Amino acid sequence: MASFRVTGGTRLKGEITPQGAKNEALQILCAVLLTPEKITINKVPNIRDANKLIELLSDMGVKVEKLGPESYSFQADNVNLDYLETEDFLAKASALRGSVMILGPLLGRFGRGKLSKPGGDKIGRRRMDTHFFGFQKLGAEFHYDAKNEIFHIDGKNLKGTYMLLDEASVTGTANIVMAAVFAEGKTTIYNAACEPYLQQLCDMLNRMGAKITGVGSNLLTIEGVKELGGTDHTMLPDMIEIGSFIGMAAMTQSEITIKDCQIHRLGIIPETFKRMGIHLEFRGDDIFVPAQKHYEIETFIDGSILTVADQIWPGFTPDLLSIILVTATQAKGTVLVHQKMFESRLFFVDKLIDMGAQIILCDPHRATVIGLDRKYPLRGIRMTSPDIRAGVALLIAAMSANGVSVIDNIEQIDRGYQNIDERLNALGAKIERIA
């Protein structure tokens, strides 16, 4: 198991380009199963989760060709459905949570699917009900093998219908949309997710010949079609990386430029970091973060403590709450971080407390951070990354701390951030990957 040895206290300087969006990639890669024609995808992030999903698609019979460092072509003209019955498929799919999104394409195009209970981050319970509810509304029949934790789904006769989702799940909406494009008649999805990743998927499917309207809203209408064709698609820049780099620059008093951010697709992310007191300059589609000795957290208009909470889009993404939390430890002021969606995602704060941060973990969903205004720098310690986003928050803390830190279980970080050590070292960080 690999680790990072991080020497803190160094300042970064230079330009960095965010990778393609991880959360978009997992949907788009699964969508290649919807057509026998060739699909070219650009800005594919070189991360563990995307690479494992590409490997799984190849094992299923999809022809995969790497065209460049971030570009691939896929052609699913000879998918081997018998592979779904193998132990190898079940083992690989269960180790990758994103594999659940092959179900929609398989049901839509081939009429059947099979999947073992997927894995992923240990950030709390993440229900599959929205996915399965949508499939059942379309007419799919489910059979669950409780002993082996395997789902068998029959989707031979999918028909369009109206559905009101119980939660605006991004992956759930994506999965249902990919099945519904081939369902007979009209499908209406209310309370659909409308994140930029979902918009990208719908736009791609429409270019392939799907008939989806309402893209960008929470009410999607899909007219079923008989077949889809090929297309080219380019991923958005990863908004979570962009937010991580903003927080990292503030914590380490660094001057960096984040390139090609597609700022108009970032929602309230920049404004939220500005409320933390971080100066940002928009230069075309680049974000310039100047070095700041101090940054002060705003209060609400009545003077009460600022609360930053996650919301469904266009609210603040839950994936950046860990970055807000760690950035607040060296700000001036106090903030309440409220993680509503996952009950275990704040359980990395004990590591920050061991480093010297002043944080009160109120309950599994809320933490109050009392900023130290750099009067008491964090100190280096040994710690373990519990999940992707907490891992990068701990990396930011280590980069700003006095002394040397060791972060274990960095495989979690590698699942979401490509070559993060090499890219940050190019800016002046001191991160060593050790066995």
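Look above for the structure.
Here is what the cut-offs are and how they apply
Residues numbered from 1 in each chain as written. Predicted model: local features only at pLDDT ≥ 70, side-chain atom pairs only at ≥ 80, totals over all residues. Heavy atoms only, no water. Phe/Tyr/Trp six-rings, centres within 6.5 Å; stacked < 30°, edge-to-face > 60°. Buried < 20%, exposed > 50% of the residue type's maximum accessible area, 1.4 Å probe, protein only. Pairing = 2+ DSSP bridges. Helix = DSSP H or I, 4+ residues; strand = E, 2+ residues; numbered from the N terminus. Axes fitted to C-alpha atoms, helices over the stretch in contact; angles between N-to-C directions. Salt bridge = Lys/Arg side-chain N within 4 Å of Asp/Glu carboxyl O. Parallel < 35°, antiparallel > 145°, perpendicular 65-115°, else oblique. Left-handed = near helix turned anticlockwise from the far one by under 90°. Contact = heavy atoms within 4.5 Å. Nonpolar A, V, L, I, M, F, W, Y, C, P; charged D, E, K, R; others polar. Patch = residues over 30% accessible without salt bridge, like charges linked within 9 Å, V, L, I, M, F, W, Y side chains within 5 Å. Areas by Shrake-Rupley, 256 points an atom, 1.4 Å probe, with all protein chains shown as cover.

Student: Got a sec to walk through the packing of aromatic side chains? Specific residues and values, please.
Tutor: Two measures describe an aromatic ring pair: the distance that separates the ring centres and the angle between the ring planes. With the rule as written, the count across this model stands at six aromatic pairs. Ring centres 5.9 Å apart and planes at 25° place the aromatic pair Tyr72 and Phe74 in the stacked group. Look at Phe74 and you get buried, because its relative accessible area is 1%. An aromatic cluster of three or more residues is present, and its members are Phe132, Phe135, Phe142, Tyr144 and Phe151.

Student: A description of the sheet that holds strand 22 (residues 404-408) should follow, citing residues and the corresponding values.
Tutor: One open sheet accounts for four strands, arranged 21-22-1-23; its pairing is mixed. The open sheet has two edge strands, strand 21 (382-384) and strand 23 (431-434), and neither has a second partner. With direction set aside, neighbouring strand axes in the sheet form an average angle of 20°.

Student: Describe the pattern of salt bridges, with residues and values.
Tutor: Applying the stated rule across the entire model yields 25 salt bridges. Between Lys92 and Asp59 there is a salt bridge, with its nearest N and O atoms 2.5 Å apart. On the criterion of sequence distance, the pair formed by Lys92 in helix 3 (residues 87-94) and Asp59 in helix 2 (residues 48-59) is long-range, its members being 33 residues apart. Classification of Lys92 by relative accessible area gives partly exposed; the value is 29%. Of the residues examined, Asp59 reaches a relative accessible area of 28% and is grouped as partly exposed. Residue Arg433 is joined to Asp414 by a salt bridge in which the shortest nitrogen-to-oxygen separation is 2.9 Å. A residue pair is termed long-range when its members are at least 10 positions apart, and Arg433 in strand 23 and Asp414 in helix 13 (residues 411-414) qualify at 19 residues. Accessibility expressed as a relative area gives 36% for Arg433, which makes it partly exposed. Residue classification places Asp414 among the buried positions, given a relative accessible area of 18%. Sharing partners across several salt bridges, the network here consists of Lys22, Arg48, Asp49 and Arg415.

Student: Lay out helix 10 (residues 321-328) in plain terms, naming residues and giving numbers.
Tutor: Buried residues dominate helix 10, accounting for eight of its eight residues. Buried within helix 10 we find Leu321, Ser322, Ile323, Ile324, Leu325, Val326, Thr327 and Ala328.

Student: Tell me what's going on with the packing of helix 10 against helix 12 (residues 388-400), and back it up with residues and numbers.
Tutor: Angle between the axes and distance between the axes are the two parameters that describe a pair of packed helices. Interaxial distance between helix 10 and helix 12 falls to 8 Å at its minimum, and their mutual angle equals 20°. Judged by the angle between their axes, helix 10 and helix 12 are roughly parallel. Helix 10 and helix 12 meet at a crossing whose hand is right-handed. Touching Ser322, Ile323 and Val326 of helix 10 are Arg389, Ala390, Val392, Ala393, Ile396 and Ala397, all from helix 12. Partitioning the contact of helix 10 with helix 12 into residue classes produces seven nonpolar, one polar and one charged.

Student: Explain a nonpolar patch on the surface to me, and be specific about the residues and the numbers.
Tutor: Taken together, the side chains of Tyr162, Leu164, Tyr190 and Leu219 present a nonpolar region at the surface, about 390 Å² in accessible area. If you trace the backbone, Leu164 turns up in strand 9 (residues 162-164). Residue class for Leu164 comes out partly exposed when judged on its relative accessible area of 46%.

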